[in-house]
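Fold and contact review
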Amino acid sequence: METLAFQGLVGLSLAMYLWLIAAGLTIVFGVLGILNFAHGSLYMLGAYFAFTCYGLWGINFWLSILLSLIGVALVSLVMERFFLRFIYHLDVAYQLLLTFGFILIFDDAVKITWGGVFMIPPMPDFFSGAIPIFGRSFPVYNLFIIGAGIGVAIGLWLILERTWWGRIIRASASDREMAGAIGVNIPILFTAVFMFGAALAAFGGALSTPVRVVAPGIGATVIIQAFVVTVIGGLGNLKGAFVGAIIVGVLTAYGILLFPIFELFIIFVVMAIVLLLKPEGLFGG
Amino acid sequence: MMTRKGVSIFGYGYKKVSNLLLLLLIVVLFFVPQLAGKYPMYMAMHILILSVFALGFNLLLGYTGLLSFGQAGFYACGAYGCGKVLILIPSLLPGIISGVLFAGVTAVILGFLCIRHTRIYFAMLTLCFGMMIYSLAWKWHTMTGGDDGLVGIPRAPLEIPGIFSIDMSSLQNYYYFVLIVCLLAIGLLYRIVKSPFGLILQGIRDSESRVSFSGVSVKNYRLIAFTIGGLYAGLAGALLPPLENTVTPPLAHWTHSAEPVLATLLGGIHTFSGPVVGAFLFYVIKDVIVRFTEYWLICLGVIVLALVMGLPGGVVSIFEQKLIPWVRLRFAGRSLH
Amino acid sequence: MKKMTGVLGIVLLLAFILTPPVSAADLPKVIKIGGQGVTSGAHADYGRQMIMGATLAIDEINAAGGILGSQLEMKFMDSELKPAVAVKNARYLVQEWGAHLLFGVDSSGVCMAVGPVLPELDRVQIFTHAATEKLTEDLVYKQGIKNIFRISVPVYQDSIVAAMIFKDFPEIKRWAGINCDYGYGRTSWALFKATMKKYRPDVEFVAEAWAPFWTGDFSPHLSAVMAKEPDAIFSTPWAGEAVMLLRQALLLGVFDKIQLWWQAMGGSVDALEGLSREVAKNQFQGKLWATARYIHNWPDTPENRAFIERYLKRWARYPNYSAETSYSAIYAFKAAIEKAGSLETAGLIKALEGMKISCPGGERYFRPEDHQAVYTVPAGKVMHDPAYPLPILGELRVIPAEDYYRKPPFPPVE
């Protein structure tokens, strides 16, 4: 029993990385109507920027995360302002193609800038311990990740439901033209939301640097998982993204424990089942 | 002599000239083994296979308005199906046919799950299902050989028992087989898109509601289109095992699904020949870039950006929108109509 | 008329006598060597080290006059760990670029795809990294593809050596495996279990977890395996993944619970460098064991020491095993060409079969049965040594290769 609970906790920490990426993806889709294929690459850039600040230049860990968020936000600014903006009116296919082009560019750009070899930064000292939970040692860093994920979830909920900004965002998401008609500066709002979504992905990447390999191509693995999460949860729905991430993370962890052969396959099976029973996703529609 | 676009080149109509060029191209293709070396012949086979792959993809995108990012899954079904059969029955036709059928059946099943969805959702789902096939190919190693893949697939002879048997162990013979099969497949698809079925698909792409008001089941037509796309991907995949003698999981990975996407984008989404032109361009560009720099992804990415932003119609649109009008202007004086 | 024939005849005879004889070593001016490996992603260091090792060898050989007077030229391509790409590269290297010789490839899936193409390309390839035993046992011994030679130790090193060492640890009874979820990991785990069972029927294999390529987070694998409370862990992920796995294991307090951890390719330079901070702090508590396909501190011969010195001088880094295998492969080709006198495939194969050649890693013998090079690589504990800027393998256990290499007729593994 304790084993199951412990494994579930491990799965929860996995889920939080997925949540951070899926959250950004969902917000961007909900407001701009754009599915950013390159979102995983933004996660990867966040990891690289954080690694550079923290691992190579020795800057304070928290400051590194902040700098990485700013860096990726700037990159996403260029993406949106000079590229995506011009194809909003085009067919959905072109968005996906354009953002796919960005994946290719980012993958090689990262190789050119940092070299193709993987990078491993040191673990920040205050995180390198473990706490006994369910009779076994659970790393403090994983607890931190869970905390950060939940914090982001609460923060997003507060922003969207309780602030003026949130109301504008929700309005623009549900009816772009009307929002424009009542005076919302749609272009600026879109850029801001896109940058915010990118920052969320970068946050996930930055947080992952002490424990995961930083290498070209990590964005590609992560985007597939994020898509599965959003399909399960419902495209454009933040609550769905959160629940979907937890389902995928925890199931992956249990899969490794109980069905070690089929781990990779399980999340796709779950996705197929959700599609059969509730095609718009658990919270979609 | 009235021509399709009112263009006359040296007295011959536009259609006749383009047909002549097409014939010339096919003749050249038949002489590639004699005219070029072994490597270009090998590349030509890959280009033909990618053409078939991309044409199936564009049936979905250009004609039906569905962007599928998971075609590699069906390609892999074709490849694994063919490979497994060839190991048991070393005869080319059963292998290829099995691969195509396997891909088709998979397309029908997965299509049923994907078709009910709108365009972005559809793209995501196809992506995820393609990756599902990838993970299955990787994990089910008793069946697929895992990451080693299927090894030792023979380049089986093309035979109908009792009637004839053509040995395929020479790459040149196999080249002719691939060429003929691809030409037939391309011709067949051309018939399909020019038929009423093709017109309905375009109607669905342009205005789904209008088409469904006229009593046509949009879902069924989409499913049929999806299945055809899957069959063509499966054919492309089935032609691979005798060529390379191995089938491995990366064939199902979504980065492989990106190849027909890129080829179609390069060549042009809105024309029939776009994917074929694009397949050729894709291989040539990649091959050329790789000789100069290892960073070919970024070059390809920049090209993609340039195409989407500046030339959504792809390379073929340069012909349609720029070159033909120029020709028309230039030779307008010569035509008498 | 007769006069003309006569004069012509004499002129021809003179021409025949006076032209220098066509030498047996009728080699092209430039001998082209094509190489492949992974040069991007989490495993990129292996391809890069291959380039470094081969370049060093080629420059040395060229400076000393080349091979029988011909200079060497190399072209290296990224296999991206993808079999389809590697096959295409191989064809390009031979048919377009004109490579006379081939070396390289990193992963098992890739070598199994490239191997069968070699007869069609009519070239010999010396494989310098890919470890699956199927390359030599199946493709060479059973199917007779003679163009394949492997200069690096296969999975016998990762698995059988471990069993040979740890069978003598009576207190370790419960083993768990965290393995790569592809051929290499599966075979290693299977061979390890089979060998252990032979010597220690009391040993139990209590848990196993499988991690595919690009696994970023091993914590679920670690926690799944630790739930069964093993005494020791057998682990095969390599390169960057090995470092992350061990890091995450430390975080989860694994090293407080187990007695021993075997990280198969943990002795590889990139892994050692990645773990240096943790090793310096002795966080592995002397429980981390590893091996490699060559380690720079063994054998302690003048040849090895000189190689390290030249390599450090040229590249300012210690050579990884893929560097040494590639370096030695080039020299093996040199020896073969000099023996055969030509680049003809059949001649090269005959020259390489049964060849004994002295390399930095020791003496290698290409056994004729399956073209696998036989040489010894020790295993040891990962530890800090003040004489080196990176951790090394110490407390070495040297088991002669002849004692643990599998031999024909190669019974099935699983």
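Predicted model, so just to flag it, every value in this text is computed and none were measured.

**Quick notes on the overall build of chain A**
From N to C terminus, chain A includes eleven helices and two strands. For chain A, the N- to C-terminal ordering of α and β elements is α-α-α-α-β-β-α-α-α-α-α-α-α. Computed over the C-alpha atoms, the radius of gyration of chain A is 19 Å, within 12% of the 19 Å expected from 2.2 N^0.38 for a compact globule of 285 residues. Seen through its principal axes, chain A has C-alpha atoms that stretch 60 × 50 × 35 Å. Among the 285 residues that make up chain A, the fraction classed as buried is 61%. Accessible area of chain A: about 10300 Å², with a carbon and sulfur share of 72%. Distance between charge centroids for chain A: 7 Å, based on 11 positive and 11 negative side chains.

**A word on the overall build of chain B**
Helix and strand counts for chain B come out as 16 helices and six strands. Looking at chain B as a whole, 57% of its 337 residues qualify as buried. Across chain B, the fraction of contacts at a sequence separation of at least 24, relative to all contacts at a separation of at least 6, is 74%. Of the roughly 14100 Å² of accessible surface on chain B, a fraction of 71% belongs to carbon and sulfur atoms.

**Regarding the pairing of strand β2 (residues 136–139) of chain A**
Residues and elements named next belong to chain A. In this sheet, β2 lies alongside strand β1 (residues 130–133) in antiparallel orientation, the contact comprising four bridges. Among the inter-strand pairings, I133 is bridged to a residue of β2, identified as R136. If you look at the hairpin formed by β1 and β2, you'll find two residues sitting between the two strands, and F134 has a positive phi there, around 50°.

**With respect to the sheet that holds strand β5 (residues 148–150) of chain C**
Residues and elements named next belong to chain C. Read from one edge to the other, the open sheet built from five strands follows the order β2-β1-β3-β4-β5, with strand pairing classed as parallel. Taken across any chain shown, the strands that pair with only one partner, and hence form the sheet edges, are β2 (71–78) and β5. Put simply, the sheet's adjacent strands are angled 25° from each other on average, direction ignored.

**Things to note about the nonpolar core**
Core analysis: the largest hydrophobic core is formed by 378 residues, its most contacted members being W19(A) and W261(C). Ranked by residues supplied to this core, first place goes to helix α3 (residues 38–63) of chain B with 19 residues. Both domains that meet at this core, namely domain 1 (25–153 + 300–374) and domain 2 (156–292 + 378–404) of chain C, each give it at least three residues.

**Regarding the sheet that holds strand β12 (residues 362–366) of chain C**
Residues and elements named next belong to chain C. The sheet built from three strands is open, its strands ordered β11-β12-β13 with antiparallel pairing. The two strands at the open ends of the sheet, each matched to only one other strand, are β11 (356–359) and β13 (373–374). Direction of pairing for β11 relative to β12: antiparallel, over a ladder of four bridges. The residue of β12 that forms the bridge with I357 is R364. Against the sheet, helix α15 (residues 321–340) contacts β11 and β12, and its axis sits at roughly 140° relative to β11.

**Brief notes about the packing of helix α2 (residues 39–56) of chain A against helix α4 (residues 92–114) of chain A**
All names here are of chain A. With their axes 10 Å apart at the nearest point, α2 and α4 run at an angle of 15° to one another. Between α2 and α4, the angle falls in the class roughly parallel. For α2 against α4, the interelement crossing comes out left-handed. Along its contact with α2, which presents S41, M44, L45, Y48, F49 and T52, the element α4 presents I103, F106, D107, V110 and W114.

**Things to note about the interface of chain B and chain A**
With 39 residues of chain B at the interface, the matching set in chain A holds 50 residues. For the pair chain B and chain A, the two sides together bury roughly 4100 Å², of which 84% comes from carbon and sulfur. Counting the contacts that link chain B with chain A gives zero salt bridges. On the surface where chain B and chain A come into contact, there are five residue pairs in polar contact (both at pLDDT 80 or more).

**Examining unusual backbone geometry**
Most of the time, phi is negative for any residue but glycine, and the peptide bond is trans. Residues and elements named next belong to chain C. Of note, the bond from W298 into P299 is cis; its omega dihedral lies within 30 degrees of zero at -5°. By the secondary structure assignment, P299 is in the loop between β10 (288–291) and α14 (302–315). With an omega of 10°, the peptide bond between P408 and P409 qualifies as cis. Among the structural elements, P409 can be located in the segment after α17 (401–404). Its identity is not glycine, yet E229 carries a phi of approximately 50°, on the positive side. Mapped onto the elements, E229 comes out in the loop between α9 (219–226) and β8 (232–235).

**A closer look at the interface of chain A and chain C**
Listed by partner, the interface residues are 34 residues for chain A and 32 residues for chain C. Roughly 2800 Å² is buried in total at the junction of chain A and chain C, and carbon and sulfur atoms are behind 64% of that figure. When the area that chain A buries against chain C is broken down by residue, the three leading residues are F118(A), I120(A) and I256(A), summing to 20%. Counting every contact that joins chain A to chain C gives one salt bridge.

**Focus on the packing of aromatic side chains**
Residue and element names in this part refer to chain A. Within the structure shown, the criterion is met by 56 aromatic pairs over all chains. Between F61 and W62 the ring centres are 5.4 Å apart and the planes differ by 70°, which places this aromatic pair in the edge-to-face class. The exposure class of F61 is buried, given its relative accessible area of 5%. For W62, a relative accessible area of 42% puts it in the partly exposed group. Consider the rings of W62 and F144, whose centres lie 5.5 Å apart with planes at 85°: the pair is edge-to-face.

**Side note on a nonpolar patch on the surface**
All names here are of chain B. Taken together, the side chains of L21, L23, L24, V27, V28, F31 and L35 present a nonpolar region at the surface, about 710 Å² in accessible area. Tallying contributions element by element places helix α1 (residues 14–30) first for the nonpolar patch, with five residues. On the secondary structure map, L23 appears in helix α1.

**Re the confidence of the model for chain B**
All names here are of chain B. The predicted model of chain B has a mean per-residue pLDDT of 85, with 89% of residues at 70 or higher. Here strand β1 (residues 8–9) stands out as the least confident element of chain B, with mean pLDDT 56; helix α4 (residues 71–88) is the most confident, with 95. Predicted complex, confidence summary: ipTM 0.85, pTM 0.86.

**Some remarks on helix α15 (residues 296–310) of chain B**
Look at α15(B): 21 Å from first C-alpha to last across 15 residues, which is about the 21 Å you get at 1.5 Å a residue. When we look at burial in α15(B), the residues that qualify are W296(B), L297(B), L300(B), G301(B), V304(B), L305(B), L307(B) and V308(B).

**Observations regarding the packing of α3(B) against helix α9 (residues 196–206) of chain B**
Each pair of packed helices can be described by the angle between their axes along with the distance between the axes. All names here are of chain B. The geometry of α3 relative to α9 is characterised by a closest axis approach of 8 Å and an angle of 50° between their N-to-C directions. Considering the angle they form, α3 stands oblique to α9. Across the interface between the two elements, L59, L61, G62 and Y63 of α3 pack against L201, Q202 and R205 of α9. Along the lines of polarity and charge, the residues of the contact of α3 with α9 split into four nonpolar, two polar and one charged.

**Topic: the pairing of strand β1 (residues 30–37) of chain C**
Residues and elements named next belong to chain C. Within β1, six of the eight residues are buried, leaving the element largely enclosed by the surrounding structure. When β1 meets β2, the two strands line up parallel, connected through eight bridges. Bridge pairing in β2 links K32 to E73. As paired strands, β1 and strand β3 (residues 101–104) are joined by four bridges and run parallel to one another. In the strand pairing of β3, I33 is matched with L101.

**Quick notes on the state of the cysteines**
All names here are of chain B. Scanning all chains against the criterion turns up zero disulfides over all chains. No disulfide involves C77; its nearest neighbouring cysteine sulfur is the one of C82, lying 13 Å away. Given the relative accessible area of 6%, C77 is considered buried.

**Some details on the environment of G104(B)**
Topologically, G104(B) is positioned in helix α5 (residues 92–114). Discounting residues that sit within four places of it in the chain, G104(B) has contacts with T227(B) and L231(B).

Basis of the calculations
- Residue indices follow the written sequence of each chain, beginning from 1 at its first position.
- Chains carry letters from A onward and ligands carry numbers from 1 onward, assigned in written order.
- Selection of residues for local features in this predicted model requires a pLDDT of at least 70, selection of side-chain atom pairs for listing and counting requires 80 or more, and totals for whole chains, interfaces and linings are taken over all residues.
- No hydrogens and no water enter the side-chain calculation; it runs on all heavy atoms of the structure.
- Note on conventions: DSSP H or I runs of at least 4 residues are helices, E runs of at least 2 residues are strands, and numbering of each starts at the N terminus.
- Using C-alpha atoms as the atom set, the radius of gyration is obtained and then compared with a globule rule of 2.2 Å times the number of residues to the power 0.38.
- Note on classification: 1.4 Å probe, protein chains only; a residue is buried when its accessible area is under 20% of the maximum for its type, exposed when over 50%, partly exposed between these limits.
- In these tables, accessible area is a Shrake-Rupley quantity obtained with a 1.4 Å probe, and a residue counts as shielded only by the protein chains included in the view.
- For the purpose of charge, His is not counted, nor are the chain termini; Lys and Arg are scored as positive and Asp and Glu as negative.
- For the purpose of locating charges, the reference atoms are NZ of Lys, CZ of Arg, CG of Asp and CD of Glu.
- Working rule for contacts: check all heavy atoms of both residues, and any pair within 4.5 Å makes them a contact.
- Only strands joined by at least two bridges in the DSSP assignment are considered to pair.
- For helices, the axis comes from a line fit to the C-alpha atoms of the stretch in contact; other axes are also lines fit to C-alpha atoms, and the angle between any two N-to-C directions lies between 0 and 180 degrees.
- For this analysis, a nonpolar core means a set of buried residues of the types Ala, Val, Leu, Ile, Met, Phe, Trp, Tyr and Cys, connected via side-chain atoms within 4.5 Å.
- As annotated, the domain borders come from an automatic or database domain assignment.
- Note that the term roughly parallel is reserved for angles under 35 degrees, roughly antiparallel for angles over 145, roughly perpendicular for angles of 65 to 115, and oblique for everything else.
- Each crossing gets its handedness from the near helix: less than a right angle anticlockwise from the far helix is left-handed, clockwise is right-handed.
- Take the accessible area each of two parts loses on contact, using a 1.4 Å probe, and add the two losses: that sum is the buried area.
- Definition used for salt bridges: Asp or Glu carboxyl oxygen within 4 Å of a side-chain nitrogen of Lys or Arg.
- Throughout this description, a polar contact denotes any pair of N or O atoms lying within 3.5 Å of each other; where both atoms belong to protein, one of them has to be capable of donating a hydrogen while the other can accept it, and for residues adjacent in sequence the pair is counted only when both atoms sit in side chains.
- Put simply, two rings from Phe, Tyr or Trp (the six-membered ring, in Trp's case) pair if the centres are within 6.5 Å, and we call them stacked under 30 degrees between planes, edge-to-face over 60, tilted for the rest.
- Excluding any residue in a salt bridge, patches collect residues exceeding 30% relative accessible area, merging like charges within 9 Å and nonpolar Val, Leu, Ile, Met, Phe, Trp and Tyr side chains within 5 Å.
- You can read pLDDT as the predictor saying how much it trusts each residue, on a scale of 0 to 100.
- For a helix, the expected span equals 1.5 Å multiplied by the residue count minus one.
- Residues were grouped as follows: Ala, Val, Leu, Ile, Met, Phe, Trp, Tyr, Cys and Pro as nonpolar; Asp, Glu, Lys and Arg as charged; and all remaining residues, including Gly, as polar.
- Our working definition of a disulfide is a cysteine sulfur pair at a distance within 2.5 Å.

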